[in-house]
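# Structure at a glance
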Amino acid sequence: MKEVLVVYYSQTGQLRRILEQITQTLAGESVQITWLEIRPETPFPFPWDKKSFFGVFPETFLQKTIPMAPIAPSVFEKEYDLVLLGYQVWYLTPSLPITSFLTSEAAARLLRDTPVITINGSRNMWTQAQEKLKTSLTHLQARWVGNIVLVDRHINHISVITIVHWMFGGKKTKKWGIFPKPGVSEDDIKNASRFGPVIRNALLQDSYDNLQTKLVQMGAVKVKPFLVLADQRANILFGKWAHLIAKKGPPGSPKRDKWLVFFNYYLLFAIWGIAPVVFIVFLISYIPRYRSIKNQKRYYASVSTKHI
Ligand SMILES: Cc1cc2nc3c(=O)[nH]c(=O)nc-3n(C[C@H](O)[C@H](O)[C@H](O)COP(=O)(O)O)c2cc1C
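Residues numbered from 1 in each chain as written. Predicted model: local features only at pLDDT ≥ 70, side-chain atom pairs only at ≥ 80, totals over all residues. Heavy atoms only, no water.

### Digging into the nonpolar core
- Counting residues in each nonpolar core, the largest one holds 94 residues, and the members touching the most others are Phe 101, Leu 111 and Phe 263.
- In terms of residues, this core owes the most to one element, helix α11 (residues 225-247), which gives ten residues.
- When residues of this core are assigned to domains, at least three fall in each of domain 1 (2-224) and domain 2 (228-295).
- Residues contacting Leu 111, with those up to four places away along its chain left out, are Val 83, Phe 101, Leu 102, Val 116, Leu 137, Leu 140, Gln 141 and Ala 142. (Core = buried A, V, L, I, M, F, W, Y, C linked by side-chain atoms within 4.5 Å. Buried < 20%, exposed > 50% of the residue type's maximum accessible area, 1.4 Å probe, protein only. Helix = DSSP H or I, 4+ residues; strand = E, 2+ residues; numbered from the N terminus. Domains from an automatic or database assignment. Contact = heavy atoms within 4.5 Å.)

This is the structure we're talking about:
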C-alpha cells in the first residue's frame, strides 16, 4: 500500500477542489490518501476587508510565521511515500499559513526525504513564490518531484479586477455580470483529474524521473514570460515596502496602518501605471532576450533547483 499525504490551505475552497480532482484519479487500489488541512490559529477573514488584506502584506512577504492550529496526532502515525502540497501565492510569496507550516516541526517530520508534488492555485503571478517555496523544500530536505500550476488564464488586468471582486465580495461570480469569473476556471479545476493517473504510475513504480516532463506535456505549467519579468521587478519593490512598513510598528499600530494605506495606493499605481510600462519594455527587449526567455520558460516549468 502506498501512502499519500495531501497538505493544503485554502480559504475559498478553490485549491481543495483542485486537489480533490487530482486525488480522485490517484487514489484507489494500493494507494491511500490522508488529508491534512492546515489552519491558522486565528482564521483570516473571508471575504477580506481592506485593512486585513493589506495588513498581511509585510509578514507574508518577509516570510514570517503565525501560530497554527495543532495537527491531529494520527497524521504522524504513517510513513508517507508521497506528499501533495497545495499552496497559493499571497503577495508574490507562498501564503502566510503555508510559510508557517513549512517552517514548523511538523513539516520537518512529514516532508524530510519524501517526494513532494506542489500544486499551486493562484491568480497568475507565481514564479518568484515558487522560488521561495523551493528554498523551503530544500531546507526541509524534501525531494521536489513534480509541479502543477493552475491560474486565471484571462489577461492580467482583467484578472486583477475580477479577483478584487472575489476577495472583497466573497463570491466567485461575474462582476457586474459582464466580467469573466475570477480565479481558476471550472474547466481547469475539473480537468485537473487528468494528472492523477500519471502521478499514480510514478508513485506505484517509485520512479519520478520523467514525471514533470509528462506533466508539462499535459499542460500542467504554462509560463508567461511577461509575468515573470513583472514578478521579478515587483519583488524588488515589495521588499523595500515590506521592510519599511514592518519597521513602523507591530500589526494594528496606527503608524503602520497609515503606511499600509500608502502601500495600497502604490499597488494601484504599480498595476495600472508601472505594469503597462514594464510590458512595453518587455516587448522592445523580446528579440534580444529571446534565448534567455526560452530558457526561463523551461526553467520555471521544471522541477530543477538551479537556474539554467
Ligand atoms: C492577500 C492575498 C494576496 C494575493 N496575492 C497574489 C499574488 O501575488 N499572486 C497571485 O497569483 N495570486 C495572489 N492571490 C490570489 C491567491 O493566490 C488565490 O488564488 C486566492 O486567494 C484563492 O485561493 P484559496 O481559495 O485556495 O485560498 C492573493 C490572494 C490574497 C488573499
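### Some remarks on the packing of aromatic side chains
- For the structure shown, the criterion picks out 30 aromatic pairs.
- Note on Tyr 9 and Trp 90: the rings are 6.2 Å apart at their centroids and 75° apart in plane angle, and the pair reads as edge-to-face. Of the two residues, Tyr 9 sits in the loop between β1 (2-8) and α1 (14-26) while Trp 90 sits in strand β4 (residues 89-90), which places them 81 residues apart along the sequence. Accessibility classification places Tyr 9 together with Trp 90 in one group, the buried group. (Phe/Tyr/Trp six-rings, centres within 6.5 Å; stacked < 30°, edge-to-face > 60°.)

### Quick notes on the domain arrangement of the protein chain
- Under the domain assignment, the protein chain is made up of domain 1 (2-224) and domain 2 (228-295).
- Placing the centre of domain 1 and that of domain 2 at their C-alpha centroids yields a distance of 23 Å.
- Tallying the contact residues gives 21 residues for domain 1 and 23 residues for domain 2.
- Counting the surface lost from both domain 1 and domain 2, the interface buries some 1,900 Å², and carbon and sulfur atoms represent 72% of this. (Buried area = accessible area lost by both parts, 1.4 Å probe.)

### Overview of the pairing of strand β2 (residues 31-37)
- In the sheet, β1 pairs with β2 via seven bridges, with the strands oriented parallel. Bridged to Val 6 within β2 is Trp 35.
- Handedness of the crossover joining β1 and β2 through α1: right-handed. (Pairing = 2+ DSSP bridges. Right-handed = clockwise from strand over helix to strand, strands pointing away.)

### Description of helix α12 (residues 254-284)
- The terminal C-alpha atoms of α12, which comprises 31 residues, lie 43 Å apart, in line with the 45 Å expected from a rise of 1.5 Å per residue.
- Taken as a whole, α12 carries its principal kink of about 40° at Ala 270.
- Every buried residue belonging to α12 is among Arg 256, Asp 257, Leu 260, Phe 263, Asn 264, Tyr 266, Leu 267, Ala 270, Ala 275, Val 278 and Phe 282, and all of these are buried.
- Close packing links the buried residues of α12 with α2 (50-55), α3 (57-61), α7 (156-169), α11 and α13 (290-301). (Expected span 1.5 Å × (residues − 1). Bend = angle between axes of the 7 residues up to and from the residue.)

### Some points on the site of the ligand
- Ser 10, Gln 11, Thr 12, Val 89 and Leu 92 are the nearest of the 21 residues found near the ligand.
- Between an oxygen atom of the ligand and a main-chain N or O atom of Arg 123, the distance comes to 3.0 Å.
- The protein chains hide 95% of the 620 Å² of surface that the ligand would expose on its own.
- At the level of elements, α1, β4, β6 (115-122) and α7 are the ones that each hand at least two residues to the shell around the ligand.
- Tallied by class, the residues present in the shell around the ligand amount to eleven nonpolar, nine polar and one charged. (Near = heavy atom within 4 Å. Polar contact = N/O pair within 3.5 Å; in protein donor to acceptor, adjacent residues only side chain to side chain. Areas by Shrake-Rupley, 256 points an atom, 1.4 Å probe, with all protein chains shown as cover. Nonpolar A, V, L, I, M, F, W, Y, C, P; charged D, E, K, R; others polar.)

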